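Listed below, chain by chain, are the residues.
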Amino acid sequence: TQSTRPQRILDAVQKNATRGDPRSVVKAIDHFCRNKEWAMNVGDEKGCILDSVVSEVNPATVLELGTYCGYSTVRIASLLPPHAKLITLEFNPDFAAIARQVIAWAGLEDKVQLVEGASGDWIPKMKEQFGVKTFDLVFLDHWKNSYLPDTKLMEECSLLRKGSVLLADNVICPGAPDYLEFVRSSPRYKSQYFKSHLEYTKVEDGLEKSVFLG
Ligand SMILES: Cn1ncc2cc([C@H](O)c3cccc(CNC(=O)c4cc(-c5ccc(F)cc5)cc(O)c4O)c3)ccc21
Ligand SMILES: [Mg+2]
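These numbers were taken from a predicted model, which means no experiment stands behind them.

Q: Quick rundown of the packing of helix α1 (residues 5–16) against helix α2 (residues 22–35)? Include the residues and the values.
A: Here α1 crosses α2 at 125 degrees, and the two axes come no closer than 9 Å. Viewed along their axes, α1 and α2 adopt a mutual orientation that is oblique. For the pair α1 and α2, the sense of crossing is right-handed. In this structure, α1 contributes Arg 8, Ile 9, Ala 12, Val 13 and Asn 16 to the contact, and α2 contributes Val 25, Ala 28, Ile 29, Phe 32 and Cys 33. Each residue belonging to the contact of α1 with α2 can be placed in one class, and the counts come to 8 nonpolar, 1 polar and 1 charged.

Here it is in C-alpha coordinates:
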(Lines give C-alpha, C1' and ligand atoms only; values in the text may rest on other atoms or scores of the structure.)
(Ligands and ions follow the chains in the order given, each with its own letter.)
Protein backbone atom coordinates (compact mmCIF):
# COMPACT_ATOMS: atom_id res chain seq x y z
CA THR A 1 0.00 0.00 0.00
CA GLN A 2 1.15 3.53 -0.78
CA SER A 3 2.83 5.20 2.18
CA THR A 4 2.30 8.85 3.02
CA ARG A 5 5.04 11.46 3.45
CA PRO A 6 4.55 11.52 7.25
CA GLN A 7 4.87 7.72 7.30
CA ARG A 8 8.12 7.93 5.31
CA ILE A 9 9.40 10.51 7.82
CA LEU A 10 8.57 8.16 10.71
CA ASP A 11 10.35 5.31 8.88
CA ALA A 12 13.46 7.50 8.51
CA VAL A 13 13.36 8.23 12.26
CA GLN A 14 12.92 4.57 13.24
CA LYS A 15 15.71 3.51 10.86
CA ASN A 16 18.24 6.26 11.57
CA ALA A 17 17.61 7.77 15.00
CA THR A 18 18.43 6.35 18.43
CA ARG A 19 15.45 5.72 20.74
CA GLY A 20 15.41 8.26 23.56
CA ASP A 21 17.77 10.65 21.76
CA PRO A 22 15.81 13.73 20.62
CA ARG A 23 18.75 15.29 18.76
CA SER A 24 19.19 12.15 16.65
CA VAL A 25 15.44 12.27 15.80
CA VAL A 26 15.78 15.90 14.66
CA LYS A 27 18.90 15.05 12.64
CA ALA A 28 17.23 12.06 10.97
CA ILE A 29 14.22 14.12 9.87
CA ASP A 30 16.40 16.97 8.58
CA HIS A 31 18.60 14.52 6.63
CA PHE A 32 15.54 12.85 5.08
CA CYS A 33 13.86 16.15 4.17
CA ARG A 34 17.02 17.73 2.77
CA ASN A 35 18.16 14.69 0.76
CA LYS A 36 15.08 12.61 -0.01
CA GLU A 37 11.77 14.47 0.30
CA TRP A 38 10.95 18.06 1.32
CA ALA A 39 8.43 18.41 4.15
CA MET A 40 7.00 21.37 6.07
CA ASN A 41 9.02 20.96 9.29
CA VAL A 42 10.42 24.20 10.71
CA GLY A 43 13.81 22.69 9.74
CA ASP A 44 17.37 23.07 11.00
CA GLU A 45 18.05 26.74 10.18
CA LYS A 46 14.84 28.19 11.66
CA GLY A 47 15.04 25.39 14.25
CA CYS A 48 18.20 26.92 15.70
CA ILE A 49 16.36 30.23 16.14
CA LEU A 50 13.46 28.32 17.76
CA ASP A 51 15.95 26.61 20.11
CA SER A 52 17.47 29.94 21.16
CA VAL A 53 14.07 31.49 21.91
CA VAL A 54 12.98 28.40 23.91
CA SER A 55 16.23 28.48 25.90
CA GLU A 56 15.85 32.22 26.56
CA VAL A 57 12.21 31.93 27.69
CA ASN A 58 12.84 28.69 29.63
CA PRO A 59 9.07 28.10 29.65
CA ALA A 60 7.08 26.06 32.17
CA THR A 61 4.08 25.97 29.81
CA VAL A 62 4.22 25.84 26.01
CA LEU A 63 1.42 25.71 23.43
CA GLU A 64 2.24 24.56 19.88
CA LEU A 65 -0.37 25.13 17.17
CA GLY A 66 0.22 22.60 14.40
CA THR A 67 2.14 19.44 15.29
CA TYR A 68 2.48 17.88 11.81
CA CYS A 69 5.06 15.06 12.35
CA GLY A 70 6.30 16.37 15.69
CA TYR A 71 9.64 17.79 14.53
CA SER A 72 9.31 21.13 16.33
CA THR A 73 7.53 19.40 19.22
CA VAL A 74 10.68 17.29 19.75
CA ARG A 75 12.98 20.30 19.36
CA ILE A 76 11.05 22.32 21.95
CA ALA A 77 10.35 19.49 24.43
CA SER A 78 14.02 18.42 24.45
CA LEU A 79 14.93 21.88 25.83
CA LEU A 80 12.26 22.13 28.55
CA PRO A 81 13.08 22.14 32.26
CA PRO A 82 12.03 19.02 34.28
CA HIS A 83 8.37 19.71 35.15
CA ALA A 84 7.54 21.85 32.15
CA LYS A 85 4.66 20.88 29.86
CA LEU A 86 4.11 21.26 26.11
CA ILE A 87 0.58 21.00 24.72
CA THR A 88 0.47 20.58 20.94
CA LEU A 89 -2.72 20.80 18.86
CA GLU A 90 -3.13 18.78 15.66
CA PHE A 91 -6.48 18.47 13.86
CA ASN A 92 -5.32 15.96 11.20
CA PRO A 93 -5.56 12.44 12.71
CA ASP A 94 -2.99 10.98 10.31
CA PHE A 95 -0.44 13.65 11.25
CA ALA A 96 -1.29 13.14 14.95
CA ALA A 97 -0.77 9.37 14.72
CA ILE A 98 2.69 9.80 13.17
CA ALA A 99 3.66 12.62 15.56
CA ARG A 100 2.82 10.49 18.60
CA GLN A 101 5.27 7.83 17.38
CA VAL A 102 8.00 10.37 16.59
CA ILE A 103 7.60 11.97 20.05
CA ALA A 104 7.67 8.49 21.65
CA TRP A 105 10.83 7.53 19.70
CA ALA A 106 12.49 10.64 21.11
CA GLY A 107 11.40 9.56 24.62
CA LEU A 108 9.53 12.79 25.26
CA GLU A 109 6.00 11.49 25.91
CA ASP A 110 6.07 12.68 29.53
CA LYS A 111 6.66 16.30 28.53
CA VAL A 112 4.21 16.43 25.62
CA GLN A 113 0.42 16.34 25.50
CA LEU A 114 -0.73 15.94 21.89
CA VAL A 115 -4.37 16.98 21.58
CA GLU A 116 -6.28 15.98 18.45
CA GLY A 117 -8.52 18.82 17.40
CA ALA A 118 -8.68 22.33 15.99
CA SER A 119 -7.06 25.28 17.78
CA GLY A 120 -10.27 27.32 17.67
CA ASP A 121 -12.15 24.60 19.53
CA TRP A 122 -9.45 23.80 22.08
CA ILE A 123 -7.99 27.19 23.01
CA PRO A 124 -11.17 28.12 24.97
CA LYS A 125 -10.96 24.81 26.85
CA MET A 126 -7.28 24.94 27.88
CA LYS A 127 -7.90 26.12 31.44
CA GLU A 128 -10.70 23.69 32.33
CA GLN A 129 -9.25 20.66 30.44
CA PHE A 130 -5.54 20.96 31.23
CA GLY A 131 -5.40 23.24 34.24
CA VAL A 132 -3.33 25.76 32.30
CA LYS A 133 -3.37 29.31 33.67
CA THR A 134 -1.26 31.06 31.01
CA PHE A 135 1.30 30.03 28.39
CA ASP A 136 4.88 31.25 28.68
CA LEU A 137 5.54 30.41 25.02
CA VAL A 138 3.29 29.78 22.00
CA PHE A 139 4.72 28.39 18.73
CA LEU A 140 2.39 29.12 15.81
CA ASP A 141 2.88 26.79 12.82
CA HIS A 142 -0.63 25.79 11.74
CA TRP A 143 -2.81 27.37 9.00
CA LYS A 144 -1.34 30.79 8.34
CA ASN A 145 -4.75 32.47 8.22
CA SER A 146 -5.48 31.06 11.68
CA TYR A 147 -2.53 32.83 13.35
CA LEU A 148 -4.40 36.13 13.88
CA PRO A 149 -7.81 34.84 14.97
CA ASP A 150 -6.17 32.36 17.35
CA THR A 151 -3.94 35.06 18.85
CA LYS A 152 -7.03 37.21 19.51
CA LEU A 153 -8.77 34.15 20.98
CA MET A 154 -5.82 33.45 23.32
CA GLU A 155 -6.00 37.06 24.53
CA GLU A 156 -9.77 36.79 25.07
CA CYS A 157 -9.30 33.53 27.03
CA SER A 158 -6.63 35.23 29.20
CA LEU A 159 -4.09 32.59 28.18
CA LEU A 160 -1.37 35.23 27.71
CA ARG A 161 0.32 37.09 30.56
CA LYS A 162 2.72 40.06 30.60
CA GLY A 163 5.87 38.58 29.03
CA SER A 164 4.27 35.65 27.18
CA VAL A 165 6.18 35.03 23.94
CA LEU A 166 4.53 34.21 20.61
CA LEU A 167 6.87 32.72 18.00
CA ALA A 168 5.35 32.38 14.53
CA ASP A 169 6.79 30.30 11.67
CA ASN A 170 6.44 31.20 7.97
CA VAL A 171 5.66 34.88 8.34
CA ILE A 172 7.20 35.42 4.86
CA CYS A 173 6.65 32.07 3.08
CA PRO A 174 3.81 31.10 2.81
CA GLY A 175 3.26 34.32 4.81
CA ALA A 176 0.85 35.54 7.46
CA PRO A 177 0.37 39.20 6.44
CA ASP A 178 -2.63 40.03 8.62
CA TYR A 179 -0.91 38.50 11.69
CA LEU A 180 2.36 40.39 10.99
CA GLU A 181 0.53 43.70 10.57
CA PHE A 182 -1.34 43.10 13.83
CA VAL A 183 1.58 42.17 16.11
CA ARG A 184 3.85 44.85 14.59
CA SER A 185 1.32 47.68 14.96
CA SER A 186 -0.42 46.71 18.22
CA PRO A 187 0.79 48.60 21.33
CA ARG A 188 0.23 45.36 23.27
CA TYR A 189 3.08 43.50 21.54
CA LYS A 190 6.84 44.05 21.14
CA SER A 191 7.71 42.30 17.88
CA GLN A 192 11.03 41.20 16.35
CA TYR A 193 11.69 39.52 12.98
CA PHE A 194 14.31 36.75 12.71
CA LYS A 195 15.26 36.50 9.03
CA SER A 196 16.00 32.98 7.82
CA HIS A 197 15.05 30.65 4.97
CA LEU A 198 12.17 28.34 4.14
CA GLU A 199 13.10 24.92 5.52
CA TYR A 200 15.64 23.03 3.34
CA THR A 201 15.63 25.77 0.66
CA LYS A 202 17.23 29.13 -0.22
CA VAL A 203 13.87 30.90 -0.30
CA GLU A 204 13.52 33.71 2.25
CA ASP A 205 11.34 33.05 5.28
CA GLY A 206 11.56 33.95 8.95
CA LEU A 207 10.16 33.74 12.44
CA GLU A 208 8.38 36.61 14.19
CA LYS A 209 8.86 36.79 17.95
CA SER A 210 6.21 38.87 19.71
CA VAL A 211 6.20 39.55 23.45
CA PHE A 212 2.75 40.24 24.94
CA LEU A 213 2.97 43.38 27.06
CA GLY A 214 -0.27 42.75 29.00
C1 LIG B 1 -6.81 24.89 13.10
N2 LIG B 1 -5.74 23.96 13.43
N3 LIG B 1 -5.50 23.52 14.66
C4 LIG B 1 -4.47 22.67 14.59
C5 LIG B 1 -4.03 22.54 13.26
C6 LIG B 1 -3.03 21.79 12.62
C7 LIG B 1 -2.91 21.89 11.25
C8 LIG B 1 -1.89 21.04 10.53
O9 LIG B 1 -0.72 20.82 11.32
C10 LIG B 1 -1.48 21.65 9.23
C11 LIG B 1 -1.89 21.06 8.04
C12 LIG B 1 -1.53 21.67 6.83
C13 LIG B 1 -0.80 22.87 6.82
C14 LIG B 1 -0.41 23.45 8.04
C15 LIG B 1 0.28 24.77 8.07
N16 LIG B 1 1.65 24.80 7.62
C17 LIG B 1 1.88 25.22 6.36
O18 LIG B 1 0.97 25.43 5.57
C19 LIG B 1 3.30 25.36 5.95
C20 LIG B 1 3.57 25.44 4.56
C21 LIG B 1 4.87 25.58 4.11
C22 LIG B 1 5.13 25.66 2.65
C23 LIG B 1 6.02 26.61 2.15
C24 LIG B 1 6.29 26.67 0.79
C25 LIG B 1 5.63 25.81 -0.08
F26 LIG B 1 5.89 25.86 -1.40
C27 LIG B 1 4.73 24.87 0.41
C28 LIG B 1 4.48 24.79 1.77
C29 LIG B 1 5.94 25.65 5.01
C30 LIG B 1 5.67 25.58 6.39
O31 LIG B 1 6.67 25.67 7.31
C32 LIG B 1 4.36 25.45 6.86
O33 LIG B 1 4.15 25.43 8.22
C34 LIG B 1 -0.73 22.82 9.24
C35 LIG B 1 -3.73 22.74 10.52
C36 LIG B 1 -4.72 23.50 11.16
C37 LIG B 1 -4.87 23.38 12.53
MG1 LIG C 1 5.91 26.03 9.25
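Q: Tell me about the site of ligand 1, and name the residues and values.
A: For ligand 1, the set of nearby residues contains 21 residues, the closest of which are Glu 90, Asp 141, Lys 144, Asn 170 and Glu 199. Here an oxygen atom of ligand 1 and a side-chain polar atom of Glu 90 are 2.6 Å apart. Contact distances for ligand 1 include 2.5 Å between an oxygen atom and a side-chain N or O atom of Glu 199. In isolation ligand 1 offers 750 Å² of accessible surface; the protein chains occlude 79% of this area. Breaking the shell around ligand 1 down by element, the ones donating at least two residues are β2 (85–90) and α9 (171–175). The residue makeup of the shell around ligand 1, split by class, is 11 nonpolar, 5 polar and 5 charged.

Q: So what about the sheet that holds strand β7 (residues 204–212)? Which residues, and what values?
A: Ordered in space as β3-β2-β1-β4-β5-β7-β6, the 7 strands form an open sheet in which the pairing is mixed. In the strand order of this sheet, the two ends are held by β3 (112–116) and β6 (189–197), each with one partner. Here the strands of the sheet are splayed against their neighbours by 15 degrees on average, with no regard to which way each runs. Along the sheet, helix α3 (residues 43–57) makes contact with β4 (137–140), β5 (165–168), β6 and β7, crossing β6 at roughly 150 degrees.

Q: So what's going on with the nonpolar core? Residues and values would help.
A: In terms of nonpolar packing, the biggest core is built from 43 residues, with Ile 9, Val 25, Ile 29, Val 74 and Ile 76 touching the most fellow members. Elements that contribute at least two residues to this core include exactly α1, α2, α3, α4 (71–77), α5 (93–105), β3, β4 and β5. Excluding anything up to four places from it in sequence, Ile 9 contacts Ile 29, Phe 32, Cys 33, Ala 39, Tyr 68 and Cys 69. Counting 28 residues, the second-largest nonpolar core is a separate cluster that includes Leu 65, Trp 122, Val 132 and Ala 168.

Q: Summarise the state of the cysteines; cite the residues concerned and give the values.
A: Under the definition given, this model contains 0 disulfides. Among the cysteines around Cys 33, which has no disulfide bond, Cys 69 carries the closest sulfur, lying 7.8 Å off. Residue classification places Cys 33 among the buried residues on the basis of a relative accessible area of 3%. The exposure class assigned to Cys 69 is buried, which follows from its relative accessible area of 0%.

Conventions and cut-offs
Residues numbered from 1 in each chain as written. Chains lettered and ligands numbered in written order. Predicted model: local features only at pLDDT ≥ 70, side-chain atom pairs only at ≥ 80, totals over all residues. Heavy atoms only, no water. Axes fitted to C-alpha atoms, helices over the stretch in contact; angles between N-to-C directions. Helix = DSSP H or I, 4+ residues; strand = E, 2+ residues; numbered from the N terminus. Parallel < 35°, antiparallel > 145°, perpendicular 65-115°, else oblique. Left-handed = near helix turned anticlockwise from the far one by under 90°. Contact = heavy atoms within 4.5 Å. Nonpolar A, V, L, I, M, F, W, Y, C, P; charged D, E, K, R; others polar. Near = heavy atom within 4 Å. Polar contact = N/O pair within 3.5 Å; in protein donor to acceptor, adjacent residues only side chain to side chain. Areas by Shrake-Rupley, 256 points an atom, 1.4 Å probe, with all protein chains shown as cover. Pairing = 2+ DSSP bridges. Core = buried A, V, L, I, M, F, W, Y, C linked by side-chain atoms within 4.5 Å. Buried < 20%, exposed > 50% of the residue type's maximum accessible area, 1.4 Å probe, protein only. Disulfide = S-S within 2.5 Å.

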